[in-house]
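Structural overview for review
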Amino acid sequence: MYLFLKNWQLAIILLMPYTAFAQTVFSSLEVNGRNPISSINEFYNLVQLKNDHHAAIVYQPGTPQELMFGFHSNGSFYWGSRAISSYPMVLSGAGDLKIAKSFEATGTGSVNGNLSIKSNGSTSSELLMYKQNGGYYDVGASNSGFFIFNSSNNQHLMKANENNELAIGTNPVAGSRLAVGGSIIAEAVKVKLQSQWPDYVFDSSYKRLSLKELDEFVRREQHLPEMPVAEDVKENGIDLGEMNSKLLRKVEELTLYLIEQGKKNEEQLRLIGVLQQEVRSLKECINK
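These numbers were taken from a predicted model, which means no experiment stands behind them.

Spatially, five strands are ordered β3-β4-β5-β6-β7 in an open sheet, and the strand pairing comes out antiparallel. A single partner strand is all that each edge strand has here, and the edge strands are β3 (55-59) and β7 (97-99). Each adjacent strand pair in this sheet contributes to an overall mean axis angle of 25°, direction not counted. As paired strands, strand β5 (residues 77-81) and strand β6 (residues 84-91) are joined by four bridges and run antiparallel to one another. Opposite Phe 77, over in β6, you have Leu 91 as the bridge partner.

This next bit is on the pairing of β6. Two successive antiparallel strands, β5 and β6, enclose a turn made up of two residues. Judged from the three bridges that link them, β6 and β7 form a sheet pairing that is antiparallel. Pairing of Val 90 across the sheet is with Lys 98, part of β7. Adjacent in sequence and paired antiparallel, β6 and β7 are bridged by five residues, among which Gly 95 carries a positive phi angle near 100°.

The six strands lie next to each other as β8-β9-β10-β11-β12-β13, forming an open sheet whose pairing is mixed. Lying at the two open borders of the sheet, with one neighbouring strand each, are β8 (124-130) and β13 (178-180). The mean inter-strand angle of the sheet, taken between neighbouring strand axes irrespective of direction, is 10°. Of the strand pairs in this sheet, strand β10 (residues 145-150) and strand β11 (residues 155-161) are connected by six bridges, and their pairing is antiparallel. Paired with Ile 148 across the bridge in β11 is Met 158.

Conventions used here
Residues numbered from 1 in each chain as written. Predicted model: local features only at pLDDT ≥ 70, side-chain atom pairs only at ≥ 80, totals over all residues. Heavy atoms only, no water. Pairing = 2+ DSSP bridges. Helix = DSSP H or I, 4+ residues; strand = E, 2+ residues; numbered from the N terminus. Axes fitted to C-alpha atoms, helices over the stretch in contact; angles between N-to-C directions.

The structure is reproduced here in structure tokens:
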């Protein structure tokens, strides 16, 4: 059968001491109407719990299956289980929700504030985001750093260690802020060097090898001066900023060599012209 109660009857029952109402009722409860005590919300207060301390709704009390939804005088809601000594879920009056175990959300939603995921004795704290076509992305953090994992190909998309060294498609490299295992496409890359840009090559005090000395060095070492050898590049790679600076220095040195050779060529052409004029003069004297 159904049990129909008026508002004042329900209020009396809820306010009665527990010992006075501790009995089993084999029926359902339907509440219709409004309680006389007003509240801060705009809803009809069908059920009101009034107590100076705490109050709770308990399922299977005193058994291993006991579950409790409690109202605390501090303004928070507590979800309790007899199988767990602590509260697995707490919702404060300010809107802060704490969940001790996993959390699963279906649909869309938003969090206006901070979302915290804390480890509960495991090696990492993880947030799993499932894809409609199967698989999931795992965003997690541990004592060794941060990671994003793709279950579809069983690979890490991104890793970061405690030294703030980030890696995409590979493992972090000591001493490098970013390591990428693969190609990079970008519309622009700007490198800001801390070292001096090689305009000093054009200073009159700058010393460079003569062409003869340069020829001897190249024949002996099989690479240009101050440039990395093939073995080092294969093992350690190159620094783009440093390499561009070195290449520019070689271009500037080459420019000076060309200017110097151009002046020598002009002087040689001038001397050839003088010699040609002297030869013509000699021919004219001989033919007279």
